Amino acid sequence: MAKGTKRKNRDRDKEEEKVADGVERLSHREVEEKDKDHRNVEGGVEEKILDEIPIVEFAGIPVQPAKQDTKRRVTFILERASLEVAKVGKAYQILNSNDHASFLKRHNRDPQAYRPDIIHQALLTVLDSPLNKAGRLHSLYVQTERNVLIQISPQIRIPRTFKRFNNLMLQLLQKLSVRASNGPDKVLRTVKNPVTNYLPANCRRIGLSRSAPRVVNLRDYVNAASDDEHLVFVVGAMAHGKINVDYIDDFISVSEFPLSAACCIGRICNAVEQKWKIL
């Protein structure tokens, strides 16, 4: 009787332990699920709170600082350049007074007017100047006698010899653009007229001519110009005559004597370099 009672007590204790263990496991599972739900709720609330917090940008601390180029620059426009293509014999060439004098006379043209060497010298003077090497040349344009407008990159290396220069201009006028040998950039290209479409908004367009109504000291003239103005110098690249354009704001002469285009450009570059302390 006692043994049966003990066996029943042991069986009842085991059943109670199983039930207790099941309840404990269930309780742990419920606690974990509740804790997980609680974390999810907290996470959702936290994300919602973060979404509602406005992003404040502090004054003086830009999010993406932008580099601004504040260097002052100048622009040159070379007017009435003699760059005309014609078929001489079996090949197309840039006409010049030395090599094509008889050809020009046969076609009733004045050989003295065909001087591509003038624009060649003028371009070398601009591009070789410390002004350009300091990165202060904004843009350079050439307007031909045939009203073709050419845009020249300040980074170009113009050929030193006249023959190679003529070949380069011939390639430009036939293909309308010339790319750099070490990249895809166009260093020479023809663009649509008028040239005023490519000038900065706040600019002073200064024409230089021997026949201008007043002679100025170029250094004083440049120093008196406002720093807010973009200076655009218009120089003639022809053998004879004067520039006759309607977009110039001020006509001046820089010498009492006739000067070549290259000499005139050299004076301009020197005056601007001294003002901006470019050595």
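Residues numbered from 1 in each chain as written. Predicted model: local features only at pLDDT ≥ 70, side-chain atom pairs only at ≥ 80, totals over all residues. Heavy atoms only, no water.

### Comments concerning the pattern of salt bridges
- Applying the stated criterion to the full structure yields ten salt bridges.
- With its nearest N and O atoms 2.5 Å apart, the salt bridge here joins Glu-84 to Arg-109. Residue Glu-84 is located in the loop between strand E1 (74-81) and strand E2 (85-88), and its partner Arg-109 is located in the loop between helix H2 (101-106) and helix H3 (116-127); the two are separated by 25 residues in the primary sequence.
- Assessed through its relative accessible area of 13%, Glu-84 is described here as buried.
- What makes Arg-109 partly exposed here is its relative accessible area of 31%. (Salt bridge = Lys/Arg side-chain N within 4 Å of Asp/Glu carboxyl O. Helix = DSSP H or I, 4+ residues; strand = E, 2+ residues; numbered from the N terminus. Buried < 20%, exposed > 50% of the residue type's maximum accessible area, 1.4 Å probe, protein only.)

### As for the nonpolar core
- Formed by 51 residues in total, the largest nonpolar core has its most connected members in Phe-76, Leu-78 and Phe-233.
- Contacts of Leu-78, omitting those with residues within four sequence positions, involve Ile-119, Ala-122, Leu-123, Leu-140, Tyr-141, Val-142, Gln-143, Val-235, Ala-237 and Ile-265.
- Judged by nonpolar contacts, the second largest core, of 13 residues, contains Ile-77, Val-195, Cys-203 and Ile-248. (Core = buried A, V, L, I, M, F, W, Y, C linked by side-chain atoms within 4.5 Å. Contact = heavy atoms within 4.5 Å.)

### Some points on helix H5 (residues 162-175)
- When the terminal C-alpha atoms of H5 are compared, their 20 Å separation across 14 residues agrees well with the 20 Å that a helix rising 1.5 Å per residue should span.
- The complete set of buried residues in H5 reads Phe-165, Asn-166, Leu-168, Met-169, Leu-170 and Leu-172.
- Those residues of H5 that are buried lie in contact with E2, strand E3 (91-94), H3, strand E5 (149-152), strand E6 (177-179) and strand E7 (186-191).
- Where H5 terminates, the next one or two residues include Leu-176, which has phi positive at roughly 75°. (Expected span 1.5 Å × (residues − 1).)

### Comments concerning the side chain of Ser-209
- Positionally, Ser-209 belongs in the loop between strand E8 (203-208) and helix H6 (218-224).
- In this structure, Ser-209 is in contact with Lys-242, Phe-251, Ile-252 and Ser-253, ignoring residues within four places of it in sequence.

### Overview of unusual backbone geometry
- The omega torsion across Asn-193 and Pro-194 is 0°, close enough to zero to call that bond cis.
- Note that Pro-194 resides in the loop between E7 and E8.
- In this structure, Asn-108 takes a positive phi of about 55° despite not being glycine.
- On the secondary structure map, Asn-108 appears in the loop between H2 and H3.
- If you check the backbone angles, Lys-277 has positive phi at about 55° while not being a glycine.
- Tracing the chain through its elements places Lys-277 in the segment after helix H7 (261-275).

### Overview of the sheet that holds strand E9 (residues 230-236)
- Sheet architecture is open: eight strands sit in the order E6-E7-E5-E4-E1-E9-E8-E10, paired in mixed fashion. A single partner strand is all that each edge strand has here, and the edge strands are E6 and strand E10 (250-252). The mean angle between the axes of side-by-side strands here comes to 20°, regardless of whether they run parallel or antiparallel.
- Relative to the sheet, H7 contacts E1, E8 and E9, its axis offset from that of E9 by approximately 165°. (Pairing = 2+ DSSP bridges. Axes fitted to C-alpha atoms, helices over the stretch in contact; angles between N-to-C directions.)

### Overview of the side chain of Asn-96
- You can see Asn-96 is positioned in the loop between E3 and H2.
- Overall, Asn-96 belongs to the buried group, its relative accessible area being 4%.
- The residues contacting Asn-96, other than those within four sequence positions of it, are Ala-101, Leu-104, Tyr-114, Pro-116, Phe-162 and Asn-166.

### Some remarks on the state of the cysteines
- Going through the model one piece at a time under the given rule, you end up with zero disulfides.
- Of all cysteine sulfurs in the structure, the one in Cys-264 sits closest to Cys-263, which takes part in no disulfide; the separation is 7.3 Å.
- Among the residues examined, Cys-263 registers a relative accessible area of 35% and is labelled partly exposed.
- Here Cys-269 is not cross-linked by a disulfide; its sulfur's nearest cysteine counterpart is in Cys-264, at 9.8 Å. (Disulfide = S-S within 2.5 Å.)

### Some details on the layout of surface pockets
- Of the volumes computed, that of the largest pocket is approximately 590 Å³.
- Around the largest pocket sit 25 residues that line it, and Gln-155, Ile-156, Arg-157, Ile-158 and Val-187 are the ones nearest its centre.
- Mapped onto the lining of the largest pocket, the elements with two or more residues apiece are H3, helix H4 (130-133), H5 and E6.
- Within this model, the second largest pocket holds a volume of roughly 500 Å³. (1 Å grid on protein atoms, 1.4 Å probe; cavity = no way out; pocket = protein on both sides within 12 Å on 5 of 7 lines; lining within 4 Å. Points joined across faces, edges and corners; volume = space filled by probe spheres on them.)

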